[in-house]
Amino acid sequence: MRINIPPQVEFVIQKLTAMGYEAYLVGGCVRDSVLGLNPNDWDITTSALPDEIKSALSDCKLIEAGVKHGTITALIDQVPVEVTTYRVDGKYSDNRHPDDVRFTRSLKEDLARRDFTINALAYNHSDGIIDCFGGAEDILNKQIRCVGEPTLRFQEDGLRILRALRFSSVLSFIIEKNTSASILKSGGLLDNIARERINCEFTKLLCGKKAENVLRDYRSVIEQFLPEISPMAGFEQHNPYHIYDVWEHTLKSVGTIEATPVLRLTMLLHDIGKPYCYTQDGKGIGHFYGHGEKSTEMTKKILSRLKYDGVTIETVTELVKLHDLPLSPEEKLIRHRLNQLGQNKLRLLLKVKAADAKAQNPIYGGRLGELHEIEAVVDDIIARSLCFSLKDLQVDGADIISLGIPQGPQIGRILSTLLDAVIDGKCKNQFNDLMSYAQAMKDSKL
Ligand code: ATP
Ligand code: MG
């Protein structure tokens with residue numbers, strides 16, 4: 001096969017080979033090209049030592065931040081191209097970083113240090129694909145297999161455990177038997193891995209096509225850094241709305257929602273407090289009163305611990321808190337909700353509610369229809385530019401002050417009351433009507 005290499009990357013390969021060195025594309029970019037996907041980044045591996053890379057690319061702008069590990073980034077037409085010297089990793093004493101790295105002139109040695117066979121392919125136009133460990137066949141068979149002995153490879157670097165799950169979820173690949181067995185018994189190695197690294201792989205896993213399956217099959221691994229999911233598994237709900245236990249319901253809801261980090265995290269965590277809120281009524285029906293608040297509190301702690309950014313923590317926590325907020329397709333109610341949450345959050349909440357409903361007893365499918373109706377109401381309010389927030393009001397704080405009301409918190413309160421009056425149809429959103437309404441409020445207070 002012939003891979004379509006971006007000109008900036010091909011330029012670097014040409015420069016190195018013109019000087020007599022070997023240079024190949026390697027890793028994810030070869031894997032993704034074979035799969036017909038667009039690579040995230042293009043990595044080059046070369047027999048040239050770092051100083052040799054520098055002189056071969058002396059007329060390019062170079063960034064040498066990674067040079068200790070053999071990596072030099074060339075900026076070609078502003079595009080960064082990473083070049084790394086063939087490398088063998090030294091001993092790993094911390095289950096994460098090699099104690100030292102040794103450069104080598106052997107491509108095969110460099111490929112042997114890579115995590116999975118599908119990531120250990122090299123390619124250039126003259127030699128085609130170099131496949132020392134059966135990666136091409138594994139791609140055909142859609143399977144993830146360690147290069148070498150899985151248990152050893154995971155002991156060297158525990159993050160590979162999560163990378164395997166991530167690739168399985170994103171690429172819809174199965175994990176080969178030995179690699180899988182080793183993952184299931186090596187989960188504890190994740191304790192040595194920085195939370196930031198876990199976050200990055202876990203978020204990609206969660207946004208993969210097979211997140212539901214991977215979370216189900218490898219729950220014990222995920223529990224290493226997210227032990228709070230454990231009580232959900234097998235927790236029966238004893239409630240006619242549900243046909244699954246809490247964990248299975250959670251998995252189904254994750255699988256059905258759009259693959260963005262915020263939405264997937266919200267579904268994963270929306271019921272995490274349920275096992276702590278269970279009660280049974282006289283008829284044997286299960287209830288989870290207060291689980292929204294409990295889940296909210298747990299979500300905030302979990303996301304902070306896993307080093308998510310502030311916006312993600314805030315948005316997911318709020319969606320978890322709101323996931324059972326009553327909504328119905330009534331224009332007034334939806335305009336109030338739009339004011340309370342803003343359009344973006346309300347639309348996210350509708351997606352969360354739909355995913356929640358899809359993972360419940362299908363005989364209550366009517367809930368989904370109602371959510372579609374609510375969405376149509378939102379669309380209609382936006383399309384007709386109906387007023388739902390203070391900034392849509394035809395008066396502002398200065399207008400209220402001009403009525404002789406002193407500056408202070410009451411100005412905000414009056415504006416809010418005016419907005420409610422407009423939404424509830426008690427006052428038109430027109431300057432004169434609003435001013436008379438405000439004047440009447442002022443007079444009634446006097
Ligand atoms: P993507 O860029 O799509 O996330 P990738 O496979 O390119 O996936 P990178 O993190 O960019 O992942 O790494 C590039 C290559 O470096 C990998 O394909 C693999 O060959 C090697 N590699 C990355 N991380 C490890 C690791 N922890 N252990 C061994 N090899 C690794
Ligand atoms: Mg990559």
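With respect to the packing of aromatic side chains
Under the criterion given, the structure shown has six aromatic pairs. On the basis of an interplanar angle of 50 degrees and a centroid distance of 4.3 Å, the ring pair of Tyr241 and Tyr364 is categorised as tilted. With Tyr241 in the loop between helix H11 (219-222) and helix H12 (246-256) and Tyr364 in the loop between helix H17 (343-358) and helix H18 (366-383), this residue pair connects regions lying 123 residues apart in the sequence. Geometrically, the ring pair formed by Tyr278 and Phe288 is tilted, given 5.2 Å between the ring centres and 55 degrees between the ring planes.

Let's talk about the sheet that holds strand E3 (residues 61-63)
Pairing in this open sheet of seven strands is mixed, and the strands run E3-E4-E5-E2-E1-E8-E9 from one edge to the other. Pairing within the sheet leaves two strands with one partner each, and these edge strands are E3 and strand E9 (128-131). Adjacent strand axes in the sheet meet at a mean angle of 35 degrees when their direction is disregarded. As paired strands, E3 and strand E4 (residues 71-76) are joined by three bridges and run antiparallel to one another. Considered in E4, the bridge of Leu62 is made with Ala74. Packing against the sheet, helix H1 (residues 7-18) makes contact with strand E1 (23-26), strand E2 (43-46), E4 and strand E5 (79-85), and its axis sits at approximately 35 degrees to E5.

Some details on the site of ligand 1
Surrounding ligand 1, one finds 16 residues, the nearest of these being Arg31, Asn119, Asp157, Arg160 and Arg166. At a separation of 2.8 Å, an oxygen atom of ligand 1 approaches a polar side-chain atom of Arg31. Protein contact buries 81% of the 580 Å² of open area that ligand 1 shows by itself. The cavity that encloses ligand 1 is the largest pocket. The set of elements that each furnish at least two residues to the shell around ligand 1 consists of helix H2 (28-34) and helix H7 (159-171). Among the elements that make up the shell around ligand 1, the one with the highest residue count is H7 (four residues). Residue composition of the shell around ligand 1, by class: one nonpolar, four polar and 11 charged.

Some words on the pattern of salt bridges
For the structure on display, the rule yields 30 salt bridges. As a salt-bridge pair, Asp89 and Arg87 come within 3.1 Å of each other at their nearest N and O atoms. For the pair shown, Asp89 and Arg87 are each scored as buried. Here Lys294 ties to Glu297 by a salt bridge, and the two come within 3.6 Å at their closest N and O atoms. Taken together, the positions of Lys294 and Glu297, both in helix H14 (residues 291-305) and three residues apart, correspond to about one turn of that helix. You can call Lys294 partly exposed: its relative accessible area is 26%.

Brief notes about helix H16 (residues 331-341)
For H16, the complete set of buried residues consists of Ile334, Arg335, Arg337, Leu338 and Leu341. Viewed along the axis of H16, the buried residues span an arc of 160 degrees, placing them on a single side of the element. One or two steps after H16, the chain reaches Gly342, where phi turns positive at roughly 85 degrees.

Structural notes on the environment of Phe116
Mapped onto the elements, Phe116 comes out in the loop between helix H4 (107-112) and strand E8 (121-124). Given a relative accessible area of 0%, Phe116 falls into the buried group. In the structure, Phe116 is positioned 28 residues away from Ile144 in sequence and 6.4 Å away in space, judged by C-alpha atoms. For Phe116, the contacting residues outside a window of four places in its chain are Ile144, Arg145, Cys146, Val147, Phe154, Arg160, Arg163, Ala164 and Phe167.

Looking at the pairing of E2
Remember that side chains alternate between the two faces of the sheet whenever the strand is regular. Of the strand pairs in this sheet, E1 and E2 are connected by four bridges, and their pairing is antiparallel. Directly across from Ala23, in E2, lies its bridge partner Thr46. Direction of pairing for E2 relative to E5: parallel, over a ladder of four bridges. Among the inter-strand pairings, Thr45 is bridged to a residue of E5, identified as Thr84.

Conventions adopted
Residues take numbers from 1 onward in each chain, read along the sequence in its written order. Lettering for chains starts from A, numbering for ligands starts from 1, and both go in the order in which the items are written. The predicted nature of this model means local features are confined to residues of pLDDT at least 70 and side-chain atom pairs, given and counted, to a pLDDT of 80 or more, with totals for whole chains, interfaces and linings taken over all residues. Excluding hydrogens and water, the side-chain values take into account all heavy atoms of the structure. Planes of paired rings set the category: under 30 degrees apart is stacked, over 60 is edge-to-face and the rest tilted, where pairs are Phe, Tyr or Trp rings (Trp by its six-membered ring) whose centres lie within 6.5 Å. By the criteria applied, helices consist of DSSP H or I runs no shorter than four residues and strands consist of E runs no shorter than two, each listed in order from the N terminus. One bridge is not enough; two strands pair if DSSP finds at least two bridges between them. Between N-to-C directions, angles span 0 to 180 degrees; the directions come from axes that are lines fitted to C-alpha atoms, helices contributing only their stretch in contact. Contacts are assigned to residue pairs that have any heavy atoms within 4.5 Å of one another. We call a residue near a molecule or strand when any one of its heavy atoms sits within 4 Å of it. Whenever two N or O atoms come within 3.5 Å, that pair is a polar contact, provided that in protein one can donate a hydrogen and the other can accept it, and provided that, for residues adjacent in sequence, both atoms are side-chain atoms. Here the Shrake-Rupley method, with its probe set to 1.4 Å, supplies the accessible areas, and only the displayed protein chains count as covering residues. Note on definitions: the grid is 1 Å and covers protein atoms alone; a cavity is a set of points where a 1.4 Å probe fits but cannot get out; a pocket is an open set with protein on both sides within 12 Å along at least five of seven lines; lining residues have an atom within 4 Å of a point. For a cavity or pocket, the test is whether more than half of a molecule's atoms lie within 2 Å of its grid points; if they do, the molecule sits there. We call Asp, Glu, Lys and Arg charged. Ala, Val, Leu, Ile, Met, Phe, Trp, Tyr, Cys and Pro are nonpolar, and the rest, Gly among them, are polar. A pairing counts as a salt bridge when a side-chain nitrogen of Lys or Arg comes within 4 Å of a carboxyl oxygen of Asp or Glu. Each residue is assigned to one of three classes by its accessible area relative to the maximum for its type, calculated with a 1.4 Å probe on protein chains only: buried under 20%, partly exposed between the two thresholds, exposed over 50%. The arc in question is formed by the directions pointing from the helix axis toward the C-beta atoms.

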